[in-house]
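Listed here are the chains, written in short residue letters.
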Amino acid sequence: MAEMLAGRLHLTDRALRMETVPVPEPAHGQVRIRVAAAGVCLSDVHLIDGTLSPLYLPGDVVTLGHEVAGTVDTLGEGVTGWQPGQRVLLQAGERDQRGTVFTRGVDYDGGWAEYAVASAETLVPIPDDLPFEQACIIPDAVSTPWAAVTDTGRTRPGEAVAVWGVGGLGAHAVQLLRLVGAAPVIALDPLDAARDRALALGADAVFDPADAALRDAVLGLTGGRGLDVAFDFAGVTPVREQALTLLGRRGRLVLAGIANKPVTIASDSPFNYLQQAVLGHYGSEAEHVVQLVSLAGQGRLDLRASVSDVLPLADAPEAVRRAQSKEGDPIRLILRP
C-alpha cells in the first residue's frame, strides 16, 4: 500500500505529529488531489492549542489543513467532468443534506498531506497562471473577508469603512474594500508593520487604535458623518466598543473576529436613533470562492503579497510556531509537499 506524509492532530494530547499514513483512496463521488500547496491558518493553530475543537470529527485524530490547492490525481466511481492533471482548489468545507457544515481539516482529513480526497462538488478549477500558493488561501483567508465585505456588510461604492486588525483576514479586507470602491478605507492596528502593510495594500489612512485623536481624524476623513461600515477582524472587546462610537447614521459593525465575549451597546438611544446595526459574520459560501478565483484570473485581485513564506510540508510544526508567535508578521505561511 502506498504511503504519504501528513500533519496529523491528535486531540487527546493536542499534539501535531508528522506521520506516514496510507495514501487515501477516493470513494464514490470523490476525487483524490495531489496537494501542491496548503495554507497555515490561525484556526489550525487554535485547533492545536485547544482554543477550537472539531464538532463532528468521528474520532480523535485528523489531518489538518482547510486551505488546499493542487491537481486532480484519481477519480472515484461516479465522478465525471474532471480529468487527471486539472489544476484545482478545494472549498474549505461542505454541507450535508440537513445543512450541517463540515470543515475540511477539522471534521475530516484536510490538506496538510501529499494527497487529499474531496467530494467532486468541492473542487473549483483555477487558471494556469494563478500559482497554487496563492490559490490555496482563497477559500478562507480571502473568501471570509470577501463575504464580510460584500454580503454581511453590504458595502457599497463610496462608503466610508474601517478595518480593525490587519492580520491574515484584515489585510485582505483592506484590499477587497478598495476593490469594491469603498472610500475612504481606514485601517487600524497597534503594530507599525501591520499599518505599513495596510498602506501598501491600498488603505487611504492608517491609525493606532490608541491614538487620542482618532475620533477627530475619522470624522475629518468622512466629512463629519462617521463610518458607514466598521469591520472587527481583531476579535477583542475594546475594538467593538471603539468602532461603535465611530459609526454614522445607518452604520454597520461587522463582527468577523470572534472574542467569545458579550457585545455591549453603551446606550440604545443613539444606537436606535441613528438606526445602526451589529452584524455577526462567519466564513463564506462556495459562490464567494468562485467569484474570487474569477477576479484573480482576470487580474483584478493580486495575492502575491499574501504569501509570506513557503515551507516544506515536513516543517509544518515550525510553520505553526511562526504563525502562533507572529514571527515576521506573516499574512499566510504556505506548506508545499
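Let us look at the structure shown here. Computed from a prediction, not measured in an experiment: that's the story for all the values here.

### Here's the deal with the overall build of the chain
Item 1. The helix and strand inventory of the chain stands at 10 helices and 18 strands.
Item 2. Here the C-alpha coordinates of the chain stretch approximately 65 × 45 × 40 Å along the principal axes.
Item 3. Per-residue burial over the chain gives 52% buried out of 337 residues.
Item 4. Within the chain, residue pairs in contact and separated by at least 24 positions form 71% of the contacts whose partners lie at least 6 positions apart.

### Focus on helix α1 (residues 42-49)
Side chains of residues three or four places apart in an α-helix project in the same direction, reflecting 3.6 residues per turn.
Item 1. Buried within α1 we find Asp44, Val45, Leu47 and Ile48. Mapping the buried residues of α1 onto a view down its axis gives an arc of 160°, with all of them on the same face.
Item 2. As for α1, its buried residues are in contact with β1 (3-10), β2 (15-22), β3 (30-40) and α10 (316-325).
Item 3. Gly50 sits one or two positions beyond α1 and adopts a positive phi of about 95°.

### Observations regarding the sheet that holds β2
Item 1. Pairing in this open sheet of three strands is antiparallel, and the strands run β2-β1-β4 from one edge to the other. Looking at strand neighbours, the two that pair on one side only are β2 and β4 (61-63), the edges of this open sheet. Along the sheet, successive strands turn relative to each other by an average axial angle of 40°, direction set aside.
Item 2. Here eight bridges tie β1 to β2, and the two strands are oriented antiparallel to one another. Across the sheet, Glu3 pairs through a bridge with Pro22, a residue of β2.

### Some remarks on the sheet that holds strand β13 (residues 205-207)
Two pairing modes exist for strands in a sheet, parallel and antiparallel, and in both the strands are linked by backbone hydrogen bonds.
Item 1. Read across the open sheet, the six strands follow the order β13-β12-β11-β14-β15-β16; overall the sheet is parallel. Unpaired on one side and paired on the other, β13 and β16 (277-280) mark the two borders of the sheet. Taking each pair of neighbouring strands and ignoring which way they run, the sheet shows an average axis angle of 20°.

### What about the environment of Arg17?
Item 1. One can find Arg17 in strand β2.
Item 2. As for Arg17 and Gly7, which are separated by 10 residues in sequence, their C-alpha atoms are 5.8 Å apart.
Item 3. Apart from residues no more than four positions distant in its own chain, Arg17 is found in contact with Ala6, Gly7, Arg8 and His10.

### Comments concerning the pairing of strand β5 (residues 68-75)
Item 1. Two strands pair when backbone bridges link them, and β3 and β5 are joined in this way by seven bridges, in the antiparallel orientation. Bridging across to β5, Ala38 finds its partner in Val68.
Item 2. In this structure, β5 lies alongside strand β6 (residues 87-90), joined through four bridges in antiparallel fashion. The residue bridging Thr71 from the neighbouring strand is Arg87, located in β6.

### Quick look at the packing of helix α3 (residues 138-152) against helix α9 (residues 286-297)
A packed helix pair is summarised by two numbers, namely the angle formed by the two axes and the spacing between the axes.
Item 1. In contact at an axis separation of 9 Å, α3 and α9 are set at 100° when each is read in the N-to-C sense. One way to sum up the angle between α3 and α9 is to call them roughly perpendicular. On α9, the residues touching Ile138, Pro139, Val142, Ser143, Trp146, Ala147, Thr150 and Asp151 of α3 are Glu287, His288, Val289, Gln291, Leu292, Val293 and Leu295.
Item 2. In terms of residue class, the contact of α3 with α9 is built from nine nonpolar, four polar and two charged.

### Thoughts on the packing of aromatic side chains
Item 1. With the rule as written, the count across this model stands at two aromatic pairs.
Item 2. With centroids separated by 6.2 Å and ring planes inclined at 20°, the aromatic side chains of Phe231 and Phe233 adopt a geometry described as stacked.
Item 3. On the basis of relative accessibility, which here comes to 0%, the residue Phe231 falls in the buried class.
Item 4. Of note, Arg249 hangs over the ring of Tyr273, and the distance from its end group to the ring centre comes to 5.1 Å.

### A look at unusual backbone geometry
Item 1. Between Ala183 and the following residue, Pro184, the backbone shows a cis peptide bond with an omega angle of -5°.
Item 2. Of note, the phi angle at Arg250 is positive, near 60°, even though the residue is not glycine.
Item 3. You can see Arg250 is positioned in strand β15 (residues 247-255).
Item 4. At Lys326, a residue that is not glycine, the phi angle is positive and equals roughly 60°.
Item 5. Within the secondary structure, Lys326 is located in the loop between α10 and β18 (332-336).

### Here we look at the nonpolar core
Item 1. Core analysis: the biggest nonpolar cluster contains 24 residues, and Leu89, Ile126, Ile138, Val142, Leu292, Val293 and Leu301 have the highest contact counts within it.
Item 2. Elements represented by at least two residues in this core include exactly β3, α2 (132-135), α3 and α9.
Item 3. By residue number, the principal contributor to this core is α9, which donates five residues.
Item 4. Once residues lying within four places of it in the same chain are set aside, the contact partners of Leu89 are Val68, Ala69, Thr122, Leu123, Val124, Ile126, Ala135, Ile138, Pro139, Val289 and Val293.
Item 5. Formed by 22 residues, the second largest nonpolar core is a distinct cluster that contains Val174, Ala198, Phe231 and Ile331.

Conventions adopted
Residues numbered from 1 in each chain as written. Predicted model: local features only at pLDDT ≥ 70, side-chain atom pairs only at ≥ 80, totals over all residues. Heavy atoms only, no water. Helix = DSSP H or I, 4+ residues; strand = E, 2+ residues; numbered from the N terminus. Buried < 20%, exposed > 50% of the residue type's maximum accessible area, 1.4 Å probe, protein only. Contact = heavy atoms within 4.5 Å. Arc of directions from axis to C-beta. Pairing = 2+ DSSP bridges. Axes fitted to C-alpha atoms, helices over the stretch in contact; angles between N-to-C directions. Parallel < 35°, antiparallel > 145°, perpendicular 65-115°, else oblique. Nonpolar A, V, L, I, M, F, W, Y, C, P; charged D, E, K, R; others polar. Phe/Tyr/Trp six-rings, centres within 6.5 Å; stacked < 30°, edge-to-face > 60°. Lys NZ or Arg CZ within 6 Å of the ring centre and 35° of its normal. Core = buried A, V, L, I, M, F, W, Y, C linked by side-chain atoms within 4.5 Å.

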